[in-house]
Amino acid sequence: VQLQASGGGLVQAGGSLRLSCAASGTTFTIDDMGWYRQAPGNKRELVASISSGGRTNYADSVKGRFTISRDNAKNTVYLQMNSLKTEDTAVYYCDAEGWGAGDRFRSWGQGTQVTVSS
């Protein structure tokens, strides 16, 4: 399963961005999808995740500002980021876990840069 992320860019503090990540491949079922981020010198951290049933989980630092959603028919996960702060600057990665060809898989997208200027 391949993941293609898009939607990153440069935005001023207080602005908004929407990230998208589409999964493609043959014969697969996705359970959980999520977004992670990694800033220079930091470990990759979970930003938000969403189950196939729509249950969501957020890092405390983004609660109330970010919203994760998914379109199961399109195998796509979104991250709406509002009220962006300079500390949100990072490379954002999407991931998906599920089953394909009888095997469990976990795939990562290529990463998309989000830069928030002051």
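Shown above is the structure to which this text applies.
Residues numbered from 1 in each chain as written. Predicted model: local features only at pLDDT ≥ 70, side-chain atom pairs only at ≥ 80, totals over all residues. Heavy atoms only, no water.

**Student:** So what about the state of the cysteines? Which residues, and what values?
**Tutor:** Taken as a whole and judged by the stated rule, the model has one disulfide. Across a sulfur-sulfur distance of 2.0 Å, Cys21 and Cys94 are joined as a disulfide pair. Because the sign of the S-S torsion sets the handedness, a value of about 60 degrees for the bond joining Cys21 and Cys94 places this disulfide among the right-handed ones. Here Cys21 is found in strand S3 (residues 17–24), whereas its partner Cys94 is found in strand S9 (residues 90–100), with 73 residues between them in sequence. Its relative accessible area of 0% is what places Cys94 among the buried residues. (Disulfide = S-S within 2.5 Å. Helix = DSSP H or I, 4+ residues; strand = E, 2+ residues; numbered from the N terminus. Buried < 20%, exposed > 50% of the residue type's maximum accessible area, 1.4 Å probe, protein only.)

**Student:** Mind laying out the pairing of strand S5 (residues 45–50), listing which residues take part and the relevant values?
**Tutor:** The pairing of strand S4 (residues 28–38) with S5 spans five bridges and is antiparallel. By the bridge assignment, Met33 is partnered in S5 with Ile50. Taken together, S4 and the strand that follows it, S5, pair antiparallel across an intervening segment of six residues, in which Gly41 is found at a positive phi of about 80 degrees. Of the strand pairs in this sheet, S5 and strand S6 (residues 56–58) are connected by three bridges, and their pairing is antiparallel. Its bridge partner being in S6, Ser49 is matched across the sheet by Asn57. (Pairing = 2+ DSSP bridges.)

**Student:** I'd love a proper account of the nonpolar core, names of residues and values included.
**Tutor:** Residues Trp35, Val47, Phe66, Ile68, Leu79, Met81 and Tyr92 are the most contacted members of the largest nonpolar core, which totals 31 residues. Sequence-distant contacts of Met81, that is, excluding residues within four places in its chain, are made with Gly15, Ser16, Leu17, Leu19, Arg65, Phe66, Tyr92 and Val114. (Core = buried A, V, L, I, M, F, W, Y, C linked by side-chain atoms within 4.5 Å. Contact = heavy atoms within 4.5 Å.)

**Student:** Which residues make up the sheet that holds S3, and what are the values?
**Tutor:** If you trace the four strands from one edge of the open sheet to the other, you get S1-S3-S8-S7, paired in antiparallel fashion. At either end of the open sheet lies a strand with only one pairing partner, and these are strand S1 (2–6) and strand S7 (66–71). Neighbour-to-neighbour, the strand axes of the sheet open up by a mean angle of 15 degrees, direction not taken into account. Two elements, S1 and S3, share five bridges in a ladder whose sense is antiparallel. (Axes fitted to C-alpha atoms, helices over the stretch in contact; angles between N-to-C directions.)

**Student:** Residue-level account of the pattern of salt bridges, with values.
**Tutor:** Enumeration according to the criterion identifies six salt bridges in this entry. Close ionic contact of Arg104 with Asp31 constitutes a salt bridge, the shortest N to O distance being 2.5 Å. With Arg104 in strand S10 (residues 103–108) and Asp31 in strand S4, this pair connects stretches of sequence that are 73 residues apart. Owing to a relative accessible area of 41%, Arg104 belongs among the partly exposed residues under this scheme. The class for Asp31 is partly exposed, based on a relative accessible area of 24%. Residues Arg65 and Asp88 are paired through a salt bridge, measuring 2.8 Å at the closest nitrogen-oxygen approach. Placement of the pair is Arg65 in the loop between S6 and S7 and Asp88 in the loop between strand S8 (76–81) and S9, with a sequence separation of 23 residues. A relative accessible area of 1% places Asp88 in the buried class. Salt bridges here are not isolated pairs; linked through shared partners, they connect Arg37, Glu45, Arg65 and Asp88. (Salt bridge = Lys/Arg side-chain N within 4 Å of Asp/Glu carboxyl O.)

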